[in-house]
Amino acid sequence: MERRLEDLERKILVESGETPPLVFEMRKKVESFREKLESVEHLSWLGLFKDISSGTSSPFWNKKGKARKSLEHCKLVQDRFKKMSAVQVTEDVRFHLRKPTFDNWQWDDAEMLLLLQQMYIELELLTKFNIETPVLQQFLYEVYRHYNQIPFHNFNHAFCVTQMMYGIIWLCEVWEKLSDVEILVMLTSALCHDLDHPGYNNAYQVNARTELALRYNDISPLENHHCAVAFEILEKPECNIFRNLSVENFKKVREGMIRCILATDMARHNEILGKFKALIPEFDFSNKEHREQLMMILMKVSDISNEARPMDVAEPWLDCLLKEFFNQSDVEKLEGLPVTPFMDREKVTKPSSQTGFIQFVLLPLFEAAACIFPEMQPHIIQPVRDALQYYKDMQVALEDQNKKKDHNEGERNGDGVTSRSPLETEVVVGLANGHKSP
Ligand SMILES: Nc1nc2c(ncn2[C@@H]2O[C@@H]3COP(=O)(O)O[C@H]3[C@H]2O)c(=O)[nH]1
Ligand SMILES: [Zn+2]
């Protein structure tokens, strides 16, 4: 419509030498119609927003722009981080930072950057690898800038994964078993492992045939992208925390980070866990391949460790995850793509999402890791078992509630035929806010 109007305008201009007022009026109307369309993008089941989005047809790039942080916001965070960075982190904070119970929700972005800096300092990575403080700060800031504003896979998640890795390193005194380079690899991989995540998972990338899926031939497109972005950041000398490493160490770090970040693709979960479990009976810390498998397992543990945290820290994370999941399944429905079942808001509740995940994914993985590091049992595995019980209780309460609702409605209808409301989540949320088993 806009293009036709432009053609018409040009024609009139050529013929009469000036644009008549009628054309201006029509242009205004088109503008206002376009604004209306853009404000109802979520109604794209009408087939509207595909028409108005210009440029590439890839949904990945179309949506990606919207999740980016503004430069203004980033600069503010950077300024605050710079101002704070001279400040000594207190002994009390340093103590808590080493624990898996650490509460990320108490800290803002600039403070988290400072805490990340503290982790590198306390593991003595600055001295061991000759990392200059301004370079570390610029690297951390660039990492921050390259996480998007999305509900779950954001900078806060990267912070938590890094902090859990840091917590495990302290809890299990990992430096006794793994080398300094390996510790540098694990901490930095944790920090970079979801860089520039668009908020839509690999299944979506492949089904929607996004730029990423095309670029990486459907093979772990997201994880390949996260890793590539990490090394793009490291290409800039002012951000390159590895710039003083020997060629040999840099090669080790790069290989290690690629291995660790690619291991976070859950499509490879059974493959990676299976290989690791086979090694457990004869696990040997002096064997390089064994250590590599262990590093991949620790990355995976850290990545999906929210339920190992205290309930009031863990539960808001589940809300964030479901928000991102539901957004993806909504978009899949709008775009006519296969809907990922565990992301469907019509089918998933908080307990249904967690009970299976904890029993079949988290506990087997965590218990395998604890065969090598038994210190994990009380501090990381027990909280996950408690969380499982909590969500099982929630499930029972939900079912009771539904039975009562069915019964009441049956009585009201007098025919026993009931219609079930999908708003189970309300009960779940009510229960969850109490943070107690019913
Ligand atoms: N149901 C559930 N899934 C999780 C939880 N934590 C992580 N995941 C999933 O595990 C995946 C790990 O890789 P991704 O970051 O791609 O996406 C993550 C989620 O799909 C959780 O607490 N509950
Ligand atoms: Zn992650």
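If you look the chain up in an unreviewed UniProt entry, it shows as Phosphodiesterase from Branchiostoma belcheri. The UniProt entry for the chain carries this comment under Sequence similarities (unreviewed entry): "Belongs to the cyclic nucleotide phosphodiesterase family. PDE9 subfamily." Looking at the Pathway (unreviewed entry) heading of the UniProt record, one finds this comment for the chain: "Purine metabolism; 3',5'-cyclic GMP degradation; GMP from 3',5'-cyclic GMP: step 1/1."

Draft legend 1. Representation of the site of ligand 1 in the model. Lining the immediate surroundings of ligand 1 are H153, T264, M266, D303, I304, L321, F325, S353, Q354 and F357. Within the contact set of ligand 1, a nitrogen atom lies 3.1 Å away from a side-chain nitrogen or oxygen of S353. Here Q354 contributes a side-chain N or O atom positioned 2.7 Å from a nitrogen atom of ligand 1. Within the complex, the protein chains bury 87% of what would otherwise be the 470 Å² of accessible surface of ligand 1. Given that more than half its atoms are within 2 Å of the pocket grid, ligand 1 belongs to the largest pocket. Within the residue set of the shell around ligand 1, elements represented by two or more residues are helix 18 (311–334) and helix 19 (350–372).

Draft legend 2. Expanded view of the UniProt feature "binding site: Zn(2+) 2" (unreviewed entry) in the chain. Mapped onto this numbering, the UniProt entry annotates "binding site: Zn(2+) 2" (unreviewed entry) at D194. Looking at the secondary structure, you find D194 in the loop between helix 11 (180–192) and helix 12 (202–207). Among the residues examined, D194 registers a relative accessible area of 5% and is labelled buried. The contacts of D194, once residues within four sequence positions are left out, are Y147, H153, H157, H226 and D303.

Cut-offs and rules
Residues numbered from 1 in each chain as written. Chains lettered and ligands numbered in written order. Predicted model: local features only at pLDDT ≥ 70, side-chain atom pairs only at ≥ 80, totals over all residues. Heavy atoms only, no water. UniProt positions renumbered as here; feature names shortened; annotations may be inferred. Near = heavy atom within 4 Å. Polar contact = N/O pair within 3.5 Å; in protein donor to acceptor, adjacent residues only side chain to side chain. Areas by Shrake-Rupley, 256 points an atom, 1.4 Å probe, with all protein chains shown as cover. 1 Å grid on protein atoms, 1.4 Å probe; cavity = no way out; pocket = protein on both sides within 12 Å on 5 of 7 lines; lining within 4 Å. Sits in = over half its atoms within 2 Å of the grid points. Helix = DSSP H or I, 4+ residues; strand = E, 2+ residues; numbered from the N terminus. Buried < 20%, exposed > 50% of the residue type's maximum accessible area, 1.4 Å probe, protein only. Contact = heavy atoms within 4.5 Å.

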